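One letter stands for each residue in the lines below.
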Protein chains: 2
Amino acid sequence: MERIKCTVSYDGTNFAGYQVQPDKRTVQSVIEGVLKKMHKAETRISASGRTDAFVHGKGQVFHFDTPLHITGEQWKKALNTQLPADIYIVEVEKVSGDFHARFDVQKKEYRYRISTKKDRDVFKRNYLYHYPYELDIEKMKEASSCFIGTHDFTLFCSARSDVENKVRTIYDIHIEKQEEEIEISFVGNGFLYNMVRILVGVILEAGQGRVHSEEIKAVLERQHKRLGTKTAPGQGLYLWKVYY
Amino acid sequence: MERIKCTVSYDGTNFAGYQVQPDKRTVQSVIEGVLKKMHKAETRISASGRTDAFVHGKGQVFHFDTPLHITGEQWKKALNTQLPADIYIVEVEKVSGDFHARFDVQKKEYRYRISTKKDRDVFKRNYLYHYPYELDIEKMKEASSCFIGTHDFTLFCSARSDVENKVRTIYDIHIEKQEEEIEISFVGNGFLYNMVRILVGVILEAGQGRVHSEEIKAVLERQHKRLGTKTAPGQGLYLWKVYY
């Protein structure tokens, strides 16, 4: 058996998320369907983590084991020929049998894209969050700096998150504005369920002057209950890169 | 009655083209559906022309007549609130009763987008033509210059085109390359069915050195039958602007 590591991009628009769900079109089930055809047997893949409905993968990573002996380039070609237009294998590498796409993650980078244009852009509706309000970038940067470091993110993830340890380290949050588009990138050792989208919601409110750093710090230190901010929608979010 | 002129953008991906067809989702039928609700009566719209399935509208224009008296800004807001995410009214103007979105067209601009990247881009699959081959831009410019001017385009439009007069004037064809994306813009007094997509097919073949200017000129002068080039697919095409 050989272990194969794949970097994959997908447009999340027409998927009910990454993970297999009965009777739903998911990224995992489509890829496993192609592998099943190639192996004439069930072949499970393990990814670095899930992504939600509408969320995009730019550099998602998964691995699988195979008895087939073909080169990385041949794998890439064979998979891409059979995959639909909204999934594309960017890179294939052979790795040692102890590599694990989920357990070996060192860092992950997510990016979130926002348009503040007054008018909707029909061509970008699935690829960014249309938020036609004035934002103060300095205030957004100030708010985001509160999250950098090691914190208990219990009050900044979905209440449905079932992981026990909710302490995570964010190494960097970078905000870049180009004309009327804003991209916020988050690099951390791991992210909880809905965490990036909740942080984006807080940063956007801060950019409108409705949430202040002291409040954010108080919630992080659990001296205050959840902020009443919205979770930013899935279509603006990209799992950008996974570091091993 | 007031005559209203609207400039509309639409993402052609999920439409069976612009024009009403029984049991199909088309741009016209969706807009007329919204107008019907507002007027509580059938309201027909007249556009500058049709676009095919998957073809996008960046600045399509249509007009309609209405007994309602509200301002242009109110029209824009009312329509956009009810239209789905893949149609957006960019501008609304009140015009005189003798304006006609189709008969008064002076010039039209179409743009066609191509990616020559080796790898597919899942996020652009519906917005450009993935053509991963080497193209000589100078040869493409040379070929496109053959089409500029007034010509009989009978052999450069769909055989199903039912217009009698197939003489059209192309004022300009402009080719721009940015990294691995190419945009070709066409400005003319009118375009026949599939004409832009057929011209793009010829220009791409020329860029690969497989079609030469002399052949193109011979076909334009009807001294030669159709070139065997492919019609470029709809998703790379944008009806960019209509001039009155």
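Rules and cut-offs
All residue numbers refer to positions counted from 1 along the written sequence of the respective chain. Written order decides the labels, with chains lettered from A and ligands numbered from 1. Where local features are concerned, this predicted model is filtered to residues with pLDDT of at least 70; where side-chain atom pairs are given and counted, the filter is 80 or more; whole-chain, interface and lining totals use all residues. Note that water and hydrogens are dropped before the side-chain values are worked out from all heavy atoms of the structure. What fixes the domain bounds is an automatic or database domain assignment. It only takes one pair of heavy atoms within 4.5 Å for two residues to be counted as in contact. The buried area of a pairing is the accessible area, by a 1.4 Å probe, that goes missing from both parts when the two are put together, added over both. Note on definitions: salt bridges are taken to be side-chain nitrogens of Lys or Arg within 4 Å of carboxyl oxygens of Asp or Glu. Definition of a polar contact: a pair of N or O atoms within 3.5 Å, with one able to donate and the other able to accept a hydrogen when the atoms are protein atoms, and with sequence-neighbouring residues admitted only if both atoms are side-chain atoms. Each residue is assigned to one of three groups, with Ala, Val, Leu, Ile, Met, Phe, Trp, Tyr, Cys and Pro labelled nonpolar, Asp, Glu, Lys and Arg labelled charged, and all others, Gly among them, labelled polar. Note on classification: 1.4 Å probe, protein chains only; a residue is buried when its accessible area is under 20% of the maximum for its type, exposed when over 50%, partly exposed between these limits. Put simply, DSSP marks the helices as runs of H or I at least four residues long and the strands as runs of E at least two long, and each gets a number from the N terminus on. Think of it as the arc spanned by the lines of direction from the helix axis to the C-beta atoms. In this comparison the copies share one frame, found by least squares on the C-alpha atoms of residues holding pLDDT of at least 70 in both. Paired rings are identified among Phe, Tyr and Trp, the last through its six-membered ring, by centres lying within 6.5 Å, and are further divided according to the angle between planes into stacked (under 30 degrees), edge-to-face (over 60) and tilted (the rest).

Focus on the domain arrangement of chain A
All names here are of chain A. Looking at the assigned domains, one finds that chain A contains domain 1 (2-95) and domain 2 (107-243). Relative placement of domain 1 and domain 2: their C-alpha centres are 28 Å apart. Taken residue by residue, the interface counts 16 residues in domain 1 and 15 residues in domain 2. Interface of domain 1 and domain 2: buried area, both sides summed, is about 1100 Å²; carbon and sulfur atoms make up 56% of it. When residues of domain 1 are sorted by the area they lose upon contact with domain 2, D52, H56 and K58 head the list and together hold 42% of the total. Seen at the junction of domain 1 and domain 2, the total is one salt bridge. A salt bridge links R197 to D52; the shortest N-O distance between them is 3.4 Å. At the surface where domain 1 touches domain 2, the tally comes to 10 residue pairs in polar contact (both at pLDDT 80 or more). Of the residues belonging to the side of domain 1 that touches domain 2, the class tally is four nonpolar, eight polar and four charged.

Observations regarding helix α3 (residues 137-147) of chain A
Residue and element names in this part refer to chain A. Buried within α3 are the following residues: I137, M140, A143, S144, C146 and F147. The arc that holds the buried residues of α3, viewed along the axis, is 165°, so those residues lie on one side. Considering only its buried residues, α3 is in contact with β7 (149-152), β8 (167-178), β9 (181-188), α4 (195-207) and α5 (213-220). Downstream of α3 by a residue or two, G149 has a phi angle that is positive, lying close to 110°.

Quick word on the environment of K217 of chain A
Counting through the fold element by element, K217 of chain A comes out in helix α5. Spatially, the C-alpha atoms of K217 of chain A and C146 of chain A are 6.4 Å apart, while their sequence positions differ by 71 residues.

So, the relation of the copies chain A and chain B
For the match of chain A to chain B, the screw axis carries a shift of 0.0 Å, the RMSD comes to 0.0 Å, and the turn is 180°. Such values leave the two copies arranged in the relation of a two-fold axis. Counting the interface residues of chain A, we find that 100% of their copies in chain B are interface residues as well, pointing to one common contact surface.

Focus on the packing of aromatic side chains
To describe a pair of aromatic rings, one takes the distance between the centres and the angle between the planes. Here the structure, examined in full by the defined rule, presents 27 aromatic pairs over all chains. Between the aromatic rings of F147 of chain A and F153 of chain A, the centroid separation amounts to 6.5 Å while the plane-to-plane angle is 35°, which identifies the pairing as tilted. Classification of F153 of chain A by relative accessible area gives buried; the value is 0%. Measuring from centroid to centroid gives 5.2 Å for F147 of chain B and F156 of chain B, while their planes differ by 80°, and the two rings are edge-to-face. Judged by relative accessible area, F156 of chain B falls into the buried class, the value being 1%.

Describing the pattern of salt bridges
Taken as a whole, this structure holds 30 salt bridges over all chains when the rule is applied. With a closest N to O distance of 2.7 Å, R113 of chain A and E183 of chain A form a salt bridge. Separated by 70 residues along the polypeptide, R113 of chain A in strand β5 (residues 107-115) and E183 of chain A in strand β9 bring together distant segments of the chain. Residue K5 of chain B pairs with E93 of chain B through a salt bridge whose shortest N-O separation is 3.4 Å. Residue K5 of chain B is located in strand β1 (residues 2-10), and its partner E93 of chain B is located in strand β4 (residues 87-95); the two are separated by 88 residues in the primary sequence. Residue classification places K5 of chain B among the buried residues on the basis of a relative accessible area of 13%. Given the relative accessible area of 31%, E93 of chain B is considered partly exposed.

Thoughts on the interface of chain A and chain B
Between chain A and chain B, the residue contacts involve 23 residues of the former and 23 residues of the latter. When chain A packs against chain B, the two sides together hide about 1900 Å² of surface, and 50% of this comes from carbon and sulfur. Put simply, the parts of the chain that give the side of chain A that touches chain B at least two residues each are β1 (2-10), β3 (56-66), α2 (72-82) and β4 (87-95) of chain A. Per-element tally for the side of chain A that touches chain B: the top contributor is β3 of chain A, with three residues. Within the side of chain A that touches chain B, the residues separate by chemical class into 10 nonpolar, five polar and eight charged.

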